[in-house]
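# Chain and residue survey
The lines below spell out each chain.
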Protein chains: 2
Amino acid sequence: MRKNALCGHVAGCGRTEANLIRAKEMGIIDSFDTDPARACEDADLIVFATPVGTFKELANRIGPLLKQGAIVMDVGSVKGGLVYEMEDLMPSGVHFIGCHPIAGSNRSGIDTAGADLFRGALCIITETSKTDSSAFQRVVGVWRTFGSVIRTMEPGEHDRIYALVSHMPHLIAYALVNSVDDIDGSSLGFAGQGFKDSTRIASSSPEMWRDIVMLNRENLLKFIDAFKGNIDALCRHLRAGDASALEKEFRRAKKLREALKDNIGND
Amino acid sequence: MRKNALCGHVAGCGRTEANLIRAKEMGIIDSFDTDPARACEDADLIVFATPVGTFKELANRIGPLLKQGAIVMDVGSVKGGLVYEMEDLMPSGVHFIGCHPIAGSNRSGIDTAGADLFRGALCIITETSKTDSSAFQRVVGVWRTFGSVIRTMEPGEHDRIYALVSHMPHLIAYALVNSVDDIDGSSLGFAGQGFKDSTRIASSSPEMWRDIVMLNRENLLKFIDAFKGNIDALCRHLRAGDASALEKEFRRAKKLREALKDNIGND
């Protein structure tokens, strides 16, 4: 926001003072406070970038000090019921707009920050019957300035989609790495690029992902059942020695995966 | 091999003449024949780089024309029983050495060939009680010249390790992409880098991977059961709302995955 001249004073808030001092030294923030309410006092725009499981408590803590007309947005990976709860937690005259930029990586922390992170990347902005259209347009404007490609949807739709293309793959990657370790941890030393790519997301923040999967667990549990059905089908073909049924399933996946190349996103 | 001056005449063999013409135009091969027996006549070294399911038939076809002292090696992803069968199929005086370079990608074809593909990458070379030590040393020398990091092991050990760190992840990636399509194919358009990385291997050659998983199915079926056990454990934690149990599993995977960074390989 600073690089795009979208803000005046930036106040940082976090749990660890050392990170805040570093952010200030790097010129990313102007001031900081480890108390969220004090950090948000008089702010025009508040951005929640903490694990989604902390949102409600934080909203309760900062609520009394938010000024009329303030906008609260987030960058969390779960929307669904959380957006509706956050809308209800906002004081009168303060508007919540849910955002999910499809960017970033398994890395976290101030040293991996970059002004171009969102350029060309998809950003989902949620809309509900309570969404204030003026606040919505201002938030859309912020993401447009970053160079994001914006899609708008209802929070529940967001959670169904991202349970499939993000939350389920994370759960699978965590389970895959742990399974290899359970069977023979020493084999990890023989892994090639395929394994490394397919499990990169298993080094994502456990704290962040614990909250994400917990808040989207109904979709996840349903979809994981379908995934297990596909795994079982492949195992049946393997047991039956049905090479052509296996090839057919592989061809189907290859075709779908190859079609992803030219999609909007940061590929 | 040509770039490293390891060979005189290179004869190519393949199913599709157009690819062979292209390889000759690119200076990768000197001559070609679509008949494998004719292509291998008088060769000092024969390299099998076809789907592993074709090896035995090809060995039978070329056997009668192989010259005394010839070495047959391969670059297939399955070793196990196949290496022992190939050893038995070689005519007297011809030696088979199983090789598996941990390099390459989901891409295939002559246009993705590169002389530096194996530099710094792991290469598994198998050894059995029948392995001819002089042929073995010559093959080791070839891979050393390419800059590979060589590990030697018994073929069965290779298959247990690579069922875990390569064949199982491929099966999972294929099943994951197909599951997303089964539930809501349109959601694929919202996938970010995490999904793309974790499913890149699902665009690997279906023909090649059909043969690999079929030939290593006993290990695979056993290990997939363990993977499903880990998936089920995560689902139980989700259902029970046990956030700390989930976080513990995620932390374990993150730690293991992060330890991979500095391993030998082409990361």
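Before reading further, recall that the structure is shown in the block above.
Residues numbered from 1 in each chain as written. Chains lettered and ligands numbered in written order. Predicted model: local features only at pLDDT ≥ 70, side-chain atom pairs only at ≥ 80, totals over all residues. Heavy atoms only, no water.

The relation between the two copies of this chain is a rotation about an axis and a shift parallel to it. Rotating chain A by 180° and translating it 0.0 Å along the rotation axis places it on chain B, where the RMSD comes to 0.0 Å. Seen this way, the second copy is the image of the first under a two-fold rotation axis. Closest to the rotation axis within chain A is the C-alpha of S198 of chain A, separated from it by 1.8 Å. (Least-squares fit on C-alpha atoms with pLDDT ≥ 70 in both.)

With that settled, consider the interface of chain A and chain B. Opposite the 84 residues of chain A that make contact, chain B presents 84 residues. Both faces combined, the contact of chain A with chain B buries some 8200 Å², and carbon together with sulfur accounts for 69% of it. On the surface where chain A and chain B come into contact, there are 10 salt bridges. When the shortest N-O distance is used, the salt bridge between K228 of chain B and D232 of chain A registers 2.5 Å. Taken together, the elements giving at least two residues each to the side of chain A that touches chain B come down to β7 (122-126), β8 (149-153), α6 (155-184), α7 (193-199), α8 (206-215), α9 (217-240) and α10 (243-258) of chain A. In terms of residue count, α6 of chain A provides more of the side of chain A that touches chain B than any other element does, 19 residues in total. (Contact = heavy atoms within 4.5 Å. Buried area = accessible area lost by both parts, 1.4 Å probe. Salt bridge = Lys/Arg side-chain N within 4 Å of Asp/Glu carboxyl O. Helix = DSSP H or I, 4+ residues; strand = E, 2+ residues; numbered from the N terminus.)

This part is about the packing of aromatic side chains. Per the counting criterion, the structure on display carries 11 aromatic pairs over all chains. Pairing F250 of chain A with Y174 of chain B gives two aromatic rings, centres 4.0 Å apart and planes at 10°, and the pair type is stacked. Of the two residues, F250 of chain A sits in helix α10 while Y174 of chain B sits in helix α6 (residues 155-184), which places them in two different chains. Taking 5.2 Å as the distance between ring centres and 90° as the angle between the ring planes, the aromatic pair formed by F48 of chain B and F55 of chain B counts as edge-to-face. Here F48 of chain B matches F55 of chain B in class, with each residue buried. In textbook terms, an aromatic cluster arises when at least three aromatic residues are bridged by ring pairs, as seen for F118, W143 and F146 of chain A. (Phe/Tyr/Trp six-rings, centres within 6.5 Å; stacked < 30°, edge-to-face > 60°. Buried < 20%, exposed > 50% of the residue type's maximum accessible area, 1.4 Å probe, protein only.)

All names here are of chain A. Of the two faces of strand β3 (residues 45-48), only the one carrying I46 and F48 is buried; L45 and V47 on the other face are not. As defined by bridge partners, β3 adjoins strand β4 (residues 71-74) across four bridges and the pair is classed as parallel. Each residue of the ladder has a partner; that of L45, found in β4, is I71. Chirality of the crossover, the property in question, places the unit of β3, helix α3 (residues 55-62) and β4 among those that are right-handed. (Pairing = 2+ DSSP bridges. Right-handed = clockwise from strand over helix to strand, strands pointing away.)

Let us now look at the packing of α6 of chain A against helix α10 (residues 243-258) of chain B. Across the interface, α6 of chain A lies against α10 of chain B with an axial gap of 9 Å and an inter-helix angle of 70°. The orientation of α6 of chain A with respect to α10 of chain B, classified from their angle, is roughly perpendicular. Both α6 of chain A and α10 of chain B take part in a crossing whose hand is left-handed. Here L171, Y174, V177, N178, D181 and D182 of chain A of α6 of chain A lie close against α10 of chain B, whose contacting residues are E249, F250, R252, A253, L256 and R257 of chain B. Here the residues of the contact of α6 of chain A with α10 of chain B are counted per class, giving six nonpolar, one polar and five charged. (Axes fitted to C-alpha atoms, helices over the stretch in contact; angles between N-to-C directions. Parallel < 35°, antiparallel > 145°, perpendicular 65-115°, else oblique. Left-handed = near helix turned anticlockwise from the far one by under 90°. Nonpolar A, V, L, I, M, F, W, Y, C, P; charged D, E, K, R; others polar.)

Residue and element names in this part refer to chain A. Within β7, five of the five residues are buried, which leaves the element mostly enclosed by the surrounding structure. Neither face of β7 is left uncovered, since the one carrying L122, I124 and T126 and the one carrying C123 and I125 both have all their residues buried. Of the pairings in the sheet, the one linking strand β6 (residues 99-101) to β7 comprises three bridges and is antiparallel in character. When the bridges of β7 are listed, H100 appears paired with I124. Of the pairings in the sheet, the one linking β7 to β8 comprises five bridges and is parallel in character. Across the sheet, residue T126 finds its bridge partner in β8, namely M153. Running through helix α5 (residues 133-145), the crossover from β7 to the neighbouring parallel element β8 is right-handed.

Residue and element names in this part refer to chain B. The parallel open sheet is built from three strands, whose spatial order is β3-β4-β5. Two strands lie at the open edges of the sheet, namely β3 (45-48) and β5 (95-97), each paired on one side alone. Direction aside, neighbouring strands of the sheet carry axes that sit 20° apart on average. Sheet strands in contact with helix α3 (residues 55-62) are β3 and β4 (71-74), and its direction is about 155° off that of β3. Running over the sheet, helix α5 (residues 133-145) touches β4 and β5 and is turned about 50° from β4.

In this section: α8 of chain A. Residues P206, W209, R210, D211, I212, V213 and M214 of chain A constitute the buried set of α8 of chain A. The inward-facing, buried residues of α8 of chain A contact α6 and α9 of chain A together with α9 (217-240) and α10 of chain B.

Moving on to the sheet that holds β4 of chain A. Paired through backbone hydrogen bonds, the strands of a sheet run either parallel or antiparallel to each other. Residue and element names in this part refer to chain A. Pairing is parallel in the open sheet, where three strands are placed in the order β3-β4-β5. Two strands close off the open sheet at either side, each with one partner strand: β3 and β5 (95-97). Shown here is a sheet whose adjacent strand axes are inclined to one another by a mean of 20°, direction ignored. Contacting β3 and β4, α3 crosses the sheet at an angle of about 155° to β3. Along the sheet, α5 contacts β4 and β5; its crossing angle with β4, the most-contacted strand, is approximately 50°.

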